[in-house]
Every structure is written in structure tokens, then in C-alpha cells.
Amino acid sequence: MAVGPYGALLDAVRGVRWPARRAVAAGAPGMHQAKSRGVAPEFAEYRPYRQGDDPKRLDWKLLARSDRAFVRLAPDHAVLATTFIVDASASMAFPAEEPSKWTQAKRLCVGLAAAAHAGADPVGLIVASGAGLRRLEPRSRAGVLGDIARSLDAASATGSQPLAPLVASSAARCVLITDCLGDFAEWRAALARHVVRGGEAVVLHIVSRQELEPATDAVLATDPEDSALQRPLFAATRAGYRAAFDAFRHEVARTLRADGVQYAELRDDEPSDAAVRRIARPAEVTR
């Protein structure tokens, strides 16, 4: 498997699994708790015996005590196909020097894809830049991580591309990696619909350290996706900028969580392996 510069990251997250936050639809056997219950030795609850059930699954001791036939139920487990939608618009290339939001986005995608794939989940990719889309349908075969890494490294953060239409083509778990500076209202609504339909939605909000702590010198801030939009930033306006940016981040987090979307803010200089472990940590599964 060719993973280029991601080898150390993959070694660091080896053994990490990414459990679903809600019961998934029954399908191919996997690691996630399914909405259905099957007949198996691992006990969860009883139900009355029905014609067609395997007699070997009868609880014979209960039958002897009560003269009623019951089978033992256990939680089914299934895979959760995952699509990573990675924002490769021009604003993700900030800052020009490393670390950048784009570099962190690529590393998070590869690391989390490895965690999902380690649980036998099919993983796919959509990279959205001004140059167009790069797509990989969710697959569980051995070389899929190498395919994802190569597709990310072949793309550049440039131009702009609406993200909302891409949510509709996502698998059951939709992971959007973005700086939330594009068509936020539109893709927020699309993710909310995805959750209502029973899907799982995750937004990883990448923020640059330089956005949080701008330089103290006077600078001319330019919109990377529209160079005609420029604003001078002086010491006198820096406090106002920081208040507005803090309010923006708070509102993004509040509204997405209210929609049932899993949200995490990450810095471009945060160790990627620690971020992967934080995002993938187990949580109580809801039905």
C-alpha cells in the first residue's frame, strides 16, 4: 500500500477503530451495532420461537421451566460505509507556509479513513476544488487507503466548489472536512437532511492558528477566493476581528450540533494522530 508521507501517521493510529454513534442499518457483517437483532449465542433478550427459527437457538432450560419456547436474541453487527468530503477551496491553502489547513485536512482524512477501514468499513472520497471533483466510491479492499492518499496529494486547494450537492451522494456516514468558509447554510441544510434520513454526519472544522492569533503588524487581508475583497487589519481593528471570528466559530458549532451533526474544531498545528484519536473515541450508541 503506497501511502507516501502518511506512513508515520498510519503507524501512530494503528489499532484505532471508529465506532458508529448510532445503530446502523443491517447489512454486511461488521463492527457496528445494527438496528436489527439476530439470533446468536451472545445474549441480549428473548423473543418467542417462530416457525423457521433454528431449533438449536432455543433456550431449552427456559422451555423446561416455563413450557414456553423462546430464542435468544443478540445485537446484529454491520459495516458503516463512509464518504469523506474534503474541501479543497482556495481558503484551505492558508497559510502559505506549513502547517496549512489543507495539509491538516489531508492528514485527518487519511488517518480517519484508516480507523474506519480497520473495522472493515468501506471508505470513499470526494475532493472538491475549483479545478473540479475527484471521486472514489466507498470500498473495503486492501488498497483503498493508498488510493485515497494519492487522490488527496494529486489535488490542490484552489478556487471554490459548492459542497452541499455532494452530501446527497455520500454513504451512510458523511464526513465533511472544511474551514466552513464556503456555502455553509446550504451544506448545513443538506447534512441535517442526511441525519433525518438516518445517516451519520460529521463536520471537522479546520482553523488556522494564524486565524486565531493574527500578526500584530498592519496587514491587508484578502479573500483567497475573491481577490477583490480586501480589508486592512490594524491594531485598532484586530479586537473586532477576533470577536467576530469567535462568534462565527461558536455559531457554526451551535447550529450543527443542534441539527444532530457531530462537530469538532481542529487547529492546523494540532498533531494529526491525536486529532484522529479524539474524533474516533467511542461514544454511547443511540438507535
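The structure reproduced in this document is the subject of the present report. (Residues numbered from 1 in each chain as written. Predicted model: local features only at pLDDT ≥ 70, side-chain atom pairs only at ≥ 80, totals over all residues. Heavy atoms only, no water.)

### Some words on the pairing of strand 8 (residues 200-207)
How we decide: When accessible area is computed with a 1.4 Å probe and restricted to protein chains, residues below 20% of their type maximum are described as buried, those above 50% as exposed, and intermediate ones as partly exposed. Each helix corresponds to a stretch of at least 4 residues labelled H or I by DSSP, and each strand to a stretch of at least 2 residues labelled E; elements are numbered beginning at the N terminus. In this scheme, strands are said to pair when DSSP sees at least two bridges between them.
Most of strand 8 sits inside the fold, with eight of its eight residues counted as buried. Burial along strand 8 is two-sided: the residues Glu-200, Val-202, Leu-204 and Ile-206 and Ala-201, Val-203, His-205 and Val-207 are all buried. For strand 7 (residues 173-178) and strand 8, the ladder comprises six bridges, and the chain directions are parallel. Pairing of Leu-176 across the sheet is with Val-203, part of strand 8. Here strand 8 runs beside strand 11 (residues 262-267); their pairing, made up of six bridges, is parallel. Considered in strand 11, the bridge of Ile-206 is made with Leu-266.

### Brief notes about the environment of Ala-120
Inclusion rule: Whether two residues are in contact is decided by their heavy atoms: any pair within 4.5 Å suffices.
Mapped onto the elements of the fold, Ala-120 is located in the loop between helix 3 (101-118) and strand 5 (123-129). In this structure Ala-120 comes out as partly exposed when scored by relative accessible area, which is 41%. Along the primary structure Ala-120 and Ser-140 are separated by 20 residues, whereas in three dimensions their C-alpha atoms are 6.3 Å apart. Excluding anything up to four places from it in sequence, Ala-120 contacts Val-79 and Ser-140.

### Digging into the pattern of salt bridges
Going by this rule: Whenever a carboxyl oxygen of Asp or Glu lies within 4 Å of a side-chain nitrogen of Lys or Arg, that contact is scored as a salt bridge.
Per the stated rule, a full pass over the model turns up 17 salt bridges. For the salt bridge of Lys-106 with Asp-153, the shortest nitrogen-to-oxygen distance reads 3.4 Å. Linking Lys-106 in helix 3 with Asp-153 in helix 4 (residues 144-154), this pair joins segments that are 47 residues apart in sequence. For Lys-106, a relative accessible area of 13% puts it in the buried group. Among the ionic contacts, a cluster of salt bridges with common partners joins Arg-139, Arg-141, Asp-147 and Arg-150.

### Side note on helix 3
Let me state the cut-off plainly: A helix's residues, less one, multiplied by 1.5 Å, set its expected span.
In this model, helix 3 (18 residues) spans 26 Å end to end at C-alpha, consistent with the 26 Å of a helix rising 1.5 Å per residue. With 15 of 18 residues buried, helix 3 lies mostly within the body of the structure. Positive phi appears at Ala-120, one or two residues downstream of helix 3, with a value of about 75°.

### Considering the packing of helix 3 against helix 9 (residues 272-280)
This is how it is decided: Helix axes are fitted to C-alpha atoms over the stretch in contact, other axes to C-alpha atoms as well, and angles between N-to-C directions run from 0 to 180 degrees. Convention used here: angles under 35 degrees read as roughly parallel, angles over 145 as roughly antiparallel, angles from 65 to 115 as roughly perpendicular, and any remaining angle as oblique. Crossings are sorted by hand: turned counterclockwise from the far helix by less than a right angle, the near helix makes the crossing left-handed, and turned clockwise it makes it right-handed. Gly is put with the polar residues, along with every residue not named as nonpolar or charged; the nonpolar set is Ala, Val, Leu, Ile, Met, Phe, Trp, Tyr, Cys and Pro, and the charged set is Asp, Glu, Lys and Arg.
With their axes 9 Å apart at the nearest point, helix 3 and helix 9 run at an angle of 55° to one another. Taken together, helix 3 and helix 9 sit at an angle that is classed as oblique. In the packing of helix 3 onto helix 9, the handedness of the crossing is right-handed. Of the residues in helix 9, those in contact with Gln-104, Arg-107, Leu-108, Gly-111 and Leu-112 of helix 3 are Ser-272, Ala-275, Val-276, Ile-279 and Ala-280. Considering only residue class, the contact of helix 3 with helix 9 consists of six nonpolar, three polar and one charged.

### Details of the side chain of Asp-183
Formally: In this count, Lys and Arg are taken as positive residues and Asp and Glu as negative ones, while His and the chain termini are left out. Within 3.5 Å is the distance limit for a polar contact, defined as a pair of N or O atoms, with the added protein rule that one can donate a hydrogen and the other accept it, and that residues adjacent in sequence qualify only through two side-chain atoms.
Positionally, Asp-183 belongs in the loop between strand 7 and helix 6 (184-196). Of the side chains with opposite charge, Arg-193 comes closest to the buried, unpaired Asp-183, at an N-O distance of 9.6 Å. A distance of 3.1 Å separates a polar side-chain atom of Asp-183 from the backbone nitrogen of Leu-163. With sequence-adjacent residues up to four places away left out, Asp-183 is seen in contact with Pro-162, Leu-163 and Ala-164.

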